[in-house]
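Coordinate analysis (summary)
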Amino acid sequence: MARFSRIERNTNETKIQLDFHVDGTGKADIDSGVGFFDHMLHGFTRHGLFDMKLKVDGDLEVDCHHTIEDTGIVLGHAIREAVGDKKGIKRYGSCILPMDEALVLCAVDLSGRPYLVFDAEFTADRCGDMDTEMAREFFYAVSYAGAMNLHLKVLHGSNNHHIMEAMFKAFAKALDAATMYDERIVDVLSTKGSL
């Protein structure tokens, strides 16, 4: 059975429509109105081998904050819904991903308990048309809406573009690993019996 979700969220600040396939091939149709953020989400989709269709109409006349944060909320909900009851999945995933001089560690636990550890610093206020401080806000929103434990740590890097892109790709690879099935797991991977 295909693991798929369709989420729509409308507020006074943003209108978001998202289709998300866990078991995809890396196809993306993304338009958030923030070009650099779109570039990050294309990398996430391609390297996680997810399929994603995203349309965001946000209050970009204010800034990019609501658009990016609300997209994180919607993506987190979409991941949680698409993964379903988590029976048979590995639950944990991690990746240490290099991108030129940047090296980023990401670890994911689809535990049902949200938590974010974000250890990164940027030396510029923006990458293209995206505020660099929005990286943390995005991953915070994804982790809490997706009820996942998410750790991101920059081990090395000096180029802000490379650092941020490595984060999104490392998250993709870690999430892909966590959502994979293992035939040895017949229920959920927890001594509690539920996640």
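The present account deals with the structure reproduced in this document. Since this is a predicted model, take the numbers as computed values, not measurements.

Our next topic: the sheet that holds strand S3 (residues 28–31). The strand order across the open sheet formed by four strands is S1-S2-S4-S3, and the pairing between neighbours is mixed. Two strands bound the open sheet, and with one partner strand each, they are strand S1 (4–10) and S3. Mean inter-strand twist for the sheet, computed between neighbouring axes without regard to direction, equals 5°. Each of strand S2 (14–21), S3 and strand S4 (51–58) is contacted by helix H1 (residues 35–48), which is oriented at about 160° to S3, the strand it contacts most. The strands touched by helix H2 (residues 65–83) are S1, S2 and S4; relative to S2, the strand with the most contacts, the crossing angle is about 35°.

Counting 58 residues, the largest nonpolar core has Phe20, Phe44, Val108, Phe139 and Phe171 as the members making the most contacts within it. In terms of residue count, the dominant contributor to this core is helix H4 (residues 160–179) (eleven residues). Beyond its immediate stretch of four places on either side in the chain, Val108 contacts Arg91, Tyr92, Gly93, Met148, Asn149, Leu150, Phe171, Ala174, Leu175 and Ala178.

With respect to the secondary-structure elements, Asp109 resides in strand S6 (residues 102–109). Excluding residues that lie within four positions of it along the chain, Asp109 makes contacts with Arg91, Tyr92, Met148 and Asn149.

Let us now look at the sheet that holds strand S10 (residues 149–156). Read across the sheet, four strands follow the order S5-S6-S10-S7 without closing on themselves; strand pairing throughout is mixed. Of all the strands in the sheet, the pair left with one neighbour each is strand S5 (92–99) and strand S7 (115–119). With strand direction ignored, the average angle separating the axes of adjacent strands in the sheet is 10°. Relative to S6, S5 is paired through eight bridges, and the arrangement is antiparallel. Residue pairing in the sheet places Pro98 in a bridge with Leu103 of S6. The sheet contacts of helix H3 (residues 134–145) involve S7 and S10, and relative to S7 the element is tilted by about 160°. In the packing of H4 onto the sheet, the strands contacted are S5, S6, S7 and S10, and the crossing angle to S5 comes to about 150°.

The rules behind the values
- Residues numbered from 1 in each chain as written.
- Predicted model: local features only at pLDDT ≥ 70, side-chain atom pairs only at ≥ 80, totals over all residues.
- Heavy atoms only, no water.
- Pairing = 2+ DSSP bridges.
- Helix = DSSP H or I, 4+ residues; strand = E, 2+ residues; numbered from the N terminus.
- Axes fitted to C-alpha atoms, helices over the stretch in contact; angles between N-to-C directions.
- Contact = heavy atoms within 4.5 Å.
- Core = buried A, V, L, I, M, F, W, Y, C linked by side-chain atoms within 4.5 Å.
- Buried < 20%, exposed > 50% of the residue type's maximum accessible area, 1.4 Å probe, protein only.

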